[in-house]
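# Residue-level structure breakdown
For reference, the chains in residue letters:
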Amino acid sequence: MFASCLLAVCQSVAALASPVDPAPAPQIAYARVIDAAPLPPASAPTHRAHQPVSTDASSLAGDGVRLGKVDLFDGGKLLLTNGVATVEGSSGGGIARWATIAGRQVPGGIGASAHATAIELPDFGWRSYGVAVGFGDRLELSLARIDFDTRDAGALLGIGEGYTINLDTFGAKLRVAGDVVYGEPWLPQIAIGIEHKRSRDGALMRALGAADAEGTDVTISATKLLLSRSLLVNTTLRYTAANELGLLGFGSANDGYKLQFEGSLGYQLSRRALIGAEYRSKPDNLGLGEDDWLDIFAAYALTDRLTLTAAYVELGSIATFSDQRGGFVSAQVAF
Amino acid sequence: MLLTTTAAAALMLLQQAPAESTDWDAEFGVEVKERDAVTGELPVDPYTQSNANAGAKPYDGAVLAADFGGREGIARIAARTVDLSEADPRIADIFAANDMVRLKRTLGEQFCYLLGAGCEYTGRDMKTAHAEMGVTKADLNALVENLQIAMREAGVPFAAQNRLLSKLAPASKDIIER
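Scoring rules and cut-offs
Residues numbered from 1 in each chain as written. Chains lettered and ligands numbered in written order. Predicted model: local features only at pLDDT ≥ 70, side-chain atom pairs only at ≥ 80, totals over all residues. Heavy atoms only, no water. Axes fitted to C-alpha atoms, helices over the stretch in contact; angles between N-to-C directions. Helix = DSSP H or I, 4+ residues; strand = E, 2+ residues; numbered from the N terminus. Parallel < 35°, antiparallel > 145°, perpendicular 65-115°, else oblique. Left-handed = near helix turned anticlockwise from the far one by under 90°. Contact = heavy atoms within 4.5 Å. Nonpolar A, V, L, I, M, F, W, Y, C, P; charged D, E, K, R; others polar. Polar contact = N/O pair within 3.5 Å; in protein donor to acceptor, adjacent residues only side chain to side chain. Salt bridge = Lys/Arg side-chain N within 4 Å of Asp/Glu carboxyl O. Pairing = 2+ DSSP bridges. Buried area = accessible area lost by both parts, 1.4 Å probe.

### Some thoughts on the packing of helix 4 (residues 70-86) of chain B against helix 8 (residues 137-153) of chain B
Residues and elements named next belong to chain B.
- Two numbers describe how helix 4 lies on helix 8: the axes approach to 8 Å, and their chain directions differ by 130°. The angle between helix 4 and helix 8 falls in the class oblique. With respect to the hand of their crossing, helix 4 and helix 8 are arranged in right-handed fashion. Two secondary-structure elements touch here, helix 4 through Ile77, Arg80, Thr81, Leu84 and Ser85 and helix 8 through Leu143, Asn146, Leu147, Ile149, Ala150, Met151 and Glu153.
- Across the contact of helix 4 with helix 8, the residue classes tally to 7 nonpolar, 3 polar and 2 charged.

Shown next, in the form of structure tokens:
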């Protein structure tokens, strides 16, 4: 009752205040009063308040999109602290998974990244590509596909020349503690995660002797940039049954899940450049002489969003074809 | 009821506009801080001065400080970092709302102390100095980038840049509030 009466009073004031205009615009009285009032002289404390609002001085004017209280693709992460995509689609260093979260978002934001990777080996061609979404500094969901071209080896293996093995990886990673850059140097960023992998060549996998065409890796990773030495250190433990990451299926009649190790050591040359080496141990469930993997990599953030990675990889024996060493190139775009 | 509302409405209509010369700061009890005539800094609440407020132990030896151009170089880098941040739309508002004269001095002292260039840090500890600023991780990242720009402009080798950052990084827990 009281409020509605006040409103009525206001309306009557409005009616009084704009009587002369022949075609009265639907305008509220106090708007005109403010228009007419001269700006008070700008004293030091109020000076900024009287400045016109600059379009880019507002937190709303980042280069992202806002969805409610969430910043989409707004960026804000320090360069390279989102890592580069691994061949399995997770944020990491190329072949080893890191505890980093994909995308350039900071807490409260959502970011994403996409990547494409090619590895040229003496007997095989590797193409992988995928996307990842990062939620704050907390959760990463990723999806990747590996297309493994057996080329001439396919004929020798009896699966047909140029037969391409396809593997899908669905990944999730949760940061549980620490920060890769900030905080105490002894507390790394720690993340736990899974990678569920499905071979699209199930019959072939079983013919090769694998127990399964799909499997789920469980990982725990710790990653830290030791600023005082400019060193990036990562270790990951992976509980897995995957043969050649799952390209040759999962487990065998006699062997299943085992604990494996991934390690990375990088040296930060500049904000944009990181060089280093990685090691990844792998099981030999199929008895084909599967080897551990090594790489020496250089990652460069060409722009804030685009990161290129080149590496020399030593993948050992794959499906009895030994000495598979070659070049790895990868491009990642992140938002 | 009708009487009350009519009276209220009448009172509203009869209200006089406040005088042009009203001192609103006085009306609302806003304290206006005066800048110190000598230093140009605004006063802060009393606190205990100690090098421990810098948040980390300093490096030994003069090699690292030399990479930063000694005391003068360090002061220039600190001032440049503040200038860059004041002009940085991502974090300008936080800086504009605070005493930049004082910040340039205390930040320079902090860097100088941590780098072992022989200064005393006279500023507040990191938690008090950043209290109620509502600094986010994105803000801190922006400041780090500006510091990196300032150090790069001054020709500080990257490894030395990181050594300074390594002394500052642990304080993030006291700085980031949300």
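### Here's the deal with the side chain of Ser264 of chain A
Residues and elements named next belong to chain A.
- Examined against the element boundaries, Ser264 turns out to sit in strand 12 (residues 258-268).
- Engagement of the side chain of Ser264 in a polar contact is seen with the side chain of Glu278, the distance being 2.8 Å.
- When neighbours within four sequence positions are excluded, Ser264 is seen to be in contact with Ala96, Trp98, Leu232, Val233, Asn234, Ala277 and Glu278.

### Section: the pattern of salt bridges
- This model, assessed by the stated rule, comprises 34 salt bridges over all chains.
- Because the salt bridges share partners, they merge into one network encompassing Glu88, Arg97, Glu195, Lys197, Asp217, Arg238, Glu262 and Arg280 of chain A.

### Quick notes on the pairing of strand 16 (residues 325-334) of chain A
Residue and element names in this part refer to chain A.
- Relative to strand 16, strand 5 (residues 109-120) is paired through 8 bridges, and the arrangement is antiparallel. Directly across from Ala118, in strand 16, lies its bridge partner Val329.
- Relative to strand 16, strand 15 (residues 306-314) is paired through 9 bridges, and the arrangement is antiparallel. The residue bridging Leu308 from the neighbouring strand is Ala331, located in strand 16.

### Description of the interface of chain B and chain A
- At the interface, 28 residues of chain B touch 29 residues of chain A.
- Surface buried jointly by chain B and chain A totals about 2500 Å² across both partners, of which 64% is contributed by carbon and sulfur atoms.
- Among the residues chain B hides against chain A, the three largest losses belong to Lys137, Asn141 and Phe158 of chain B. Together they make up 22% of the total.
- At the junction of chain B with chain A, the criterion picks out 3 salt bridges.
- Here Asp137 of chain A and Lys137 of chain B are joined by a salt bridge, their closest N and O atoms 2.3 Å apart.

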